[in-house]
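# Analysis of the macromolecular model
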Amino acid sequence: MSRHALSVLVENNPGVLARVSVLFARRSFNIDHLVVGPTEDPKVSRMTIVLNVADDQLHKVTNQLDKLIEVIHIEELSDPSAIRDQLWAINDNGPRPVGAMAAAWG
Amino acid sequence: MTAQPTTPAPAQPALPSTTTGAEALVDALLRVGAEHIFGLPGGAVLPLYDTLYQRPELRHILVRHEQGAGHAAQGYAAATGRVGVCLATSGPGATNLVTPLADANMDSVPMVAITGNVPSTALGSDAFQEADIRSITMPVTKHSFLVTDPAMIGPTVASAFRLASSGRPGPVLVDVSKDALVASTKRITDGDLAMPGYRPVTEPGQPEIRDAVSLMLSSRRPVLYVGGGTIRAGAHRELMTLAELTGLPVVTTLMARGAFPDSHPQHLGMPGMHGTVAAVGALQKSDLIISLGARFDDRVTGVRESFAPHAKVIHADIDPAEIGKIRTADVALVGDCRPTIAALAAEFRARVEAGTVPDYAEWVAFCQRVQDRYPLSYDAPPAGQVAPQQVIQRIGQLAGPETVFTSGVGQHQMWAAHYLGFERPRTWINSGGLGTMGFAVPAAMGAKIGRPDTTVWAIDGDGCFQMTNQELATCAVEGIPIKVAIINNGALGMVRQWQTLFYNERYSHTGLRGTPTDPAGRAPVQVPDFVMLARSYGCEALRCDDPADIDKTIEAAMAVDDVPVVVDFRVHQDAMVWPMVASGTSNDDIKYARDLAPQFEEDD
């Protein structure tokens, strides 16, 4: 098991979060962190998902994720621990000005 | 011959520029080529039904239960290769479609389900007959839509058809709120949704095709492992070309029966838990599995770790998520089976013509010897009793290879898969992945609507038949003359077989006629009387309980072609499905009869 972070671009439709989380639940993968936010395209949202999973299992779940019609693009982020810390910071401190959030993301 | 018009036809009266959501939905269905729809009305879809009343070009078949509508749409799709359509109201109407949707999802059946929902202002308020069917069906559909804007109905229906029929086919749900059906909207005549995340890959890469053929040429014991994807892709001709070009043994899974003729000498039959000794043995001993539209289902592999331990794998599938899901692939071919198999054959031919000659002779001879030594067989029934295998075999022989067969799930399904004898694709329609009892009768109804000139037989069990036989009423009223063979052994036969083999003959709740050890001393009773039941539904009905009458009963059933026919075949209760790989054991431990293991040559 190791920690992985996924950046997932999805269509900004109602129900898309449920669809993604149902898929993880079906394989009994526990999501450590999940953040959904807007992108510059109002039709597209970005999900950042951190989970603890074996490498080969990760590949299977991203394959399944990619099958979802509303999932546009999946990317594995290279430094999950740093991203996790940043997600913690965002979660713990609540809403912050855009500038501060951008700073937290580096 | 008609004269060429010399004057321009009078202009069609311009259609009004606005339409209701319900009309937009029907227009969209007709635009994508739908001709038949299986459904049952209710409050939330009343506006849609009011529109259907004046649109006879879309034939609606009124079912007796929404599950029947769903399986009928599946049968229609599987028999014709077109998208099947079903329609239900909100709440319970929609939830009754969940089983067919899950079934279609497992077996990659192209299908669109339309459901009404409560008005959008009431969504989420626990209104009467409200169910969040879009969410309920998320894990069991290819996609599910909820539409509350009438302008989006047309594009969404068009997209649903595109999703259902392209890439890996599957079921798509379109849930429409009642107010969207009623509201007026601008009339549109084309267009669908953007769906930027949907980009199915249909053509395999040429480097991968070369790698695959290199592996085929350097292997000594390859098997063509053919799955249902070849039938969905219409790839049977390409498969025949590849098989005859290579001379390799072919196995066809439960979903692929008919993709390759049973009469062909290279065909070893069906692999898996109830597969033939030759098909199971060939996979176990192979050094290369060429998987074509198959998915290494657990019913094929048995215990995964001991499945085909020496085999490398070429895995061809249109769904990239299938590659490596169960078994690591040495070469992955992502694409539609038809161009994939054609490309494999072309590359193989070119390489052989360039001088690379594969050596499969010893392997082909070995497979042939196993097949000759362990043909399908069954024990003779007790004197005077009817063998279910014989009934099914005779139906197959008398009805002929053009006939479409559907089945339920259980012993009769396995016997049908083995003994009917399939020569053509789209003649065998069953519930493979989900294993839905009750599939046969409504699926036969749908198949018959899709192919009215073809004889359609449902091979059913007495347990299965009692789950969905209400659709006989639909068949009688709508003029759908299907034929149903009930293989009636008075028990939930497959479960009973497991109780015989693995639970010390403790027949816990599998006797449909009551239990022999009934504490109140009640005698076993056959209810319902299937002949009386069928007649009450307006069907012809026959019974056969004597082996001497099997042929003439089948012929009598075949002589009826204007109304549905039901035949109650009273068969021997202790008949079992063989061969069998017990659950949780290796395919190496296959038995071709009770306690009888085949001897492969190296074990002799």
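Here the structure is a predicted model, which is why all the values come from computation and not from measurement. Counting from 1, residues in each chain are numbered in the order their sequence is written. Both sets of labels track the order of writing: A upward for chains, 1 upward for ligands. The predicted origin of the model limits local features to residues at a pLDDT of at least 70 and limits the giving and counting of side-chain atom pairs to 80 or more, whereas totals for whole chains, interfaces and linings rest on all residues. Side-chain metrics rest on all non-hydrogen atoms present in the structure, leaving aside hydrogens and water.

## Regarding the overall build of chain A
Formally: Helix numbers and strand numbers start at the N terminus; a helix is a DSSP run of H or I with at least 4 residues, a strand a run of E with at least 2. We call two residues contacting when some pair of their heavy atoms lies within 4.5 Å.
On a plain count of helices and strands, chain A comes out with four helices and four strands. Put simply, chain A runs from its N terminus to its C terminus through helices and strands in the order β-α-β-β-α-β-α-α. Residue pairs in contact within chain A that sit at least 24 positions apart in sequence constitute 71% of those at least 6 positions apart.

## A few points about the overall build of chain B
Spelled out, the test is: The atom set for the radius of gyration is the C-alpha atoms, and the globule formula is 2.2 Å times the number of residues raised to the power 0.38. Throughout, exposure labels follow a simple rule: accessible area from a 1.4 Å probe, protein chains only, divided by the maximum for the residue type, with under 20% read as buried, over 50% as exposed, and the rest as partly exposed.
Counting its regular elements, chain B contains 23 helices and 20 strands. Whereas a compact globule of 604 residues would reach a radius of gyration of roughly 25 Å, chain B reaches 26 Å, a difference of no more than 12%. Across its three principal axes, chain B shows a C-alpha extent of roughly 80 × 75 × 60 Å. The proportion of buried residues among the 604 residues of chain B is 56%.

## Some points on the domain arrangement of chain B
All names here are of chain B. Cut-off, in case you're wondering: By convention here, the domain bounds are inherited from an automatic or database domain assignment. Buried area: the accessible surface (1.4 Å probe) lost by two parts on joining, summed over both.
On domain assignment, one finds that chain B holds domain 1 (18-186), domain 2 (206-373) and domain 3 (388-570). Each of domain 2 and domain 3 has a C-alpha centre, and the two are 32 Å apart. Across the boundary between the two partners, domain 2 contributes 17 residues, which contact 17 residues of domain 3. Summing the contributions of domain 2 and of domain 3, the shared interface buries around 1500 Å²; its carbon and sulfur component is 59%.

## Quick notes on the sheet that holds strand S17 (residues 456-461) of chain B
All names here are of chain B. Where we set the bar: When DSSP locates at least two bridges between a pair of strands, those strands are taken to pair. Orientation is described by axes fitted as lines to C-alpha atoms, over the contacting stretch for helices, and by angles from 0 to 180 degrees between their N-to-C directions.
The parallel open sheet is built from six strands, whose spatial order is S16-S15-S17-S18-S20-S19. Two strands lie at the open edges of the sheet, namely strand S16 (428-429) and strand S19 (540-544), each paired on one side alone. The pairing of strand S15 (residues 404-407) with S16 spans two bridges and is classified as parallel. Bridge pairing links Thr406 to Ile429 in S16. Of the strands in this sheet, S15, S16, S17 and strand S18 (483-488) touch helix H17 (residues 411-419), which is tilted by about 140° from S17.

## Considerations on the pattern of salt bridges
Test applied: Only one rule defines a salt bridge in this text: a Lys or Arg side-chain nitrogen within 4 Å of an Asp or Glu carboxyl oxygen.
Throughout the structure, instances matching the rule amount to 25 salt bridges over all chains. The partner of Glu478(B) in a salt bridge is Arg59(B), with the nearest N and O atoms 3.2 Å apart. With Glu478(B) in helix H20 (residues 471-478) and Arg59(B) in strand S3 (residues 59-62), this pair connects stretches of sequence that are 419 residues apart. A salt bridge links Asp568(B) to Arg543(B), with the shortest nitrogen-to-oxygen separation between them at 3.0 Å. With Asp568(B) in strand S20 (residues 565-570) and Arg543(B) in strand S19, the pair connects residues that are 25 residues apart, well separated along the chain. Its relative accessible area of 0% is what places Asp568(B) among the buried residues. Among the ionic contacts, a cluster of salt bridges with common partners joins Lys67(A), Arg168(B), Asp319(B), Glu322(B) and Lys325(B).

## Thoughts on the packing of aromatic side chains
Residue and element names in this part refer to chain B. Put simply, the rule reads: Each pair of aromatic rings taken from Phe, Tyr and Trp, with Trp reduced to its six-membered ring, is defined by centres within 6.5 Å and is described as stacked if the planes are under 30 degrees apart, edge-to-face if over 60, and tilted in the remaining cases. For a ring to carry a charge above it, either NZ of a lysine or CZ of an arginine must fall within 6 Å of the ring centroid while also lying within 35 degrees of the normal to the ring plane.
Enumeration over the complete set of coordinates arrives at ten aromatic pairs over all chains. Centroid distance Phe465 to Phe530: 5.4 Å. Interplanar angle 80°. Geometry classified as edge-to-face. Of the two residues, Phe465 is situated in helix H19 (residues 462-468) and Phe530 in helix H22 (residues 530-536); the sequence distance between them amounts to 65 residues. As far as the burial class goes, Phe465 and Phe530 line up, both buried. One aromatic cluster is present, formed by Tyr225, Phe296 and Phe307 through successive ring pairs. Its guanidinium or amino end placed over the ring of Tyr507, Arg496 lies 4.1 Å from that ring's centre, counting from NZ or CZ.

## What to know about the interface of chain B and chain A
Basically, it comes down to this: Polar contact is defined as a pair of N or O atoms within 3.5 Å, subject to the rule that within protein one atom must be able to donate a hydrogen and the other to accept it, and that residues adjacent in sequence are counted only when both atoms are side-chain atoms. Asp, Glu, Lys and Arg are counted as charged, while Ala, Val, Leu, Ile, Met, Phe, Trp, Tyr, Cys and Pro are counted as nonpolar; the rest, among them Gly, fall into the polar class.
The partner chain A presents 16 residues to the 19 residues of chain B that form the contact. Summed over both partners, the interface of chain B with chain A comes to about 1400 Å²; 56% of that surface belongs to carbon and sulfur atoms. Here chain B is connected to chain A by one salt bridge. Residue Lys67(A) is joined to Asp319(B) by a salt bridge in which the shortest nitrogen-to-oxygen separation is 2.6 Å. Our count for the chain B to chain A interface comes out at five residue pairs in polar contact (both at pLDDT 80 or more). Split into classes, the residues belonging to the side of chain B that touches chain A amount to nine nonpolar, four polar and six charged.

## Some remarks on the packing of helix H9 (residues 206-218) of chain B against helix H14 (residues 337-353) of chain B
Residues and elements named next belong to chain B. For clarity, the cut-off: Angle categories are assigned with fixed cut-offs, so that under 35 degrees is roughly parallel, over 145 is roughly antiparallel, 65 to 115 is roughly perpendicular, and the rest are oblique. Whether a crossing is left-handed or right-handed is set by the direction in which the near helix is turned from the far one by less than a right angle, anticlockwise for left-handed and clockwise for right-handed.
Here H9 crosses H14 at 60°, and the two axes come no closer than 9 Å. Judged by the angle between their axes, H9 and H14 are oblique. When you trace H9 past H14, the crossing you get is right-handed. For the pair formed by H9 and H14, the contact residues are Gln206, Ile209, Arg210, Ala212, Val213, Ser214, Met216 and Leu217 on the first element and Thr340, Ala343, Leu344, Glu347, Phe348, Arg351 and Val352 on the second.

## Quick notes on the layout of surface pockets
Note the cut-off: Cavity and pocket criteria rest on a 1 Å grid covering protein atoms alone: a 1.4 Å probe that fits but cannot get out defines a cavity, protein on both sides within 12 Å along at least 5 of 7 lines defines an open pocket, and an atom within 4 Å of a point defines a lining residue. Grid points are joined across faces, edges and corners, and a volume is the space filled by probe spheres set on the points.
A volume near 1400 Å³ is recorded for the largest pocket. Along the walls of the largest pocket sit 44 residues, with Gln64(A), Lys67(A), Arg168(B), Asp319(B) and Ala321(B) positioned nearest its centre. At the level of elements, helix H1 (16-26) and helix H2 (55-67) of chain A together with helix H5 (98-106) and helix H13 (298-301) of chain B are the ones that each hand at least two residues to the lining of the largest pocket. Here the residues of the lining of the largest pocket are counted per class, giving 19 nonpolar, ten polar and 15 charged. Taken domain by domain, the makeup of the lining of the largest pocket includes at least three residues from each of domain 1 (18-186) and domain 2 (206-373) of chain B. Of the volumes computed, that of the second largest pocket is approximately 990 Å³. Looking at the second largest pocket, it is lined by 45 residues, and the ones nearest its centre are Met255(B), Arg295(B), Asp297(B), Gly432(B) and Gly433(B).

## Points about empty space enclosed by the protein
Residue and element names in this part refer to chain B. Following the criterion strictly, the structure yields five cavities of 30 Å³ or more and no others. The calculated volume of the largest cavity comes to roughly 120 Å³. Lining the largest cavity we find 14 residues, and of these Ala78, Arg232, Met255, Trp428 and Ile429 sit closest to its centre. When contributions to the lining of the largest cavity are tallied by element, the ones reaching two or more residues are helix H3 (66-80), helix H10 (229-232) and S16. The biggest single contributor to the lining of the largest cavity is H3, with three residues. Grouping the amino acids of the lining of the largest cavity by side-chain chemistry returns eight nonpolar, three polar and three charged.

## Points about the nonpolar core
All names here are of chain B. Quick note on the threshold: Side-chain atoms within 4.5 Å link the members of a nonpolar core, which is a set of buried Ala, Val, Leu, Ile, Met, Phe, Trp, Tyr and Cys residues.
Residues Phe38, Phe465, Leu472, Ile482, Val484 and Val566 are the most contacted members of the largest nonpolar core, which totals 47 residues. Each of two domains, domain 1 (18-186) and domain 3 (388-570), supplies a minimum of three residues to this core. Within the second largest apolar cluster, 34 residues are counted, among which are Phe161, Ala164, Val172 and Val176.

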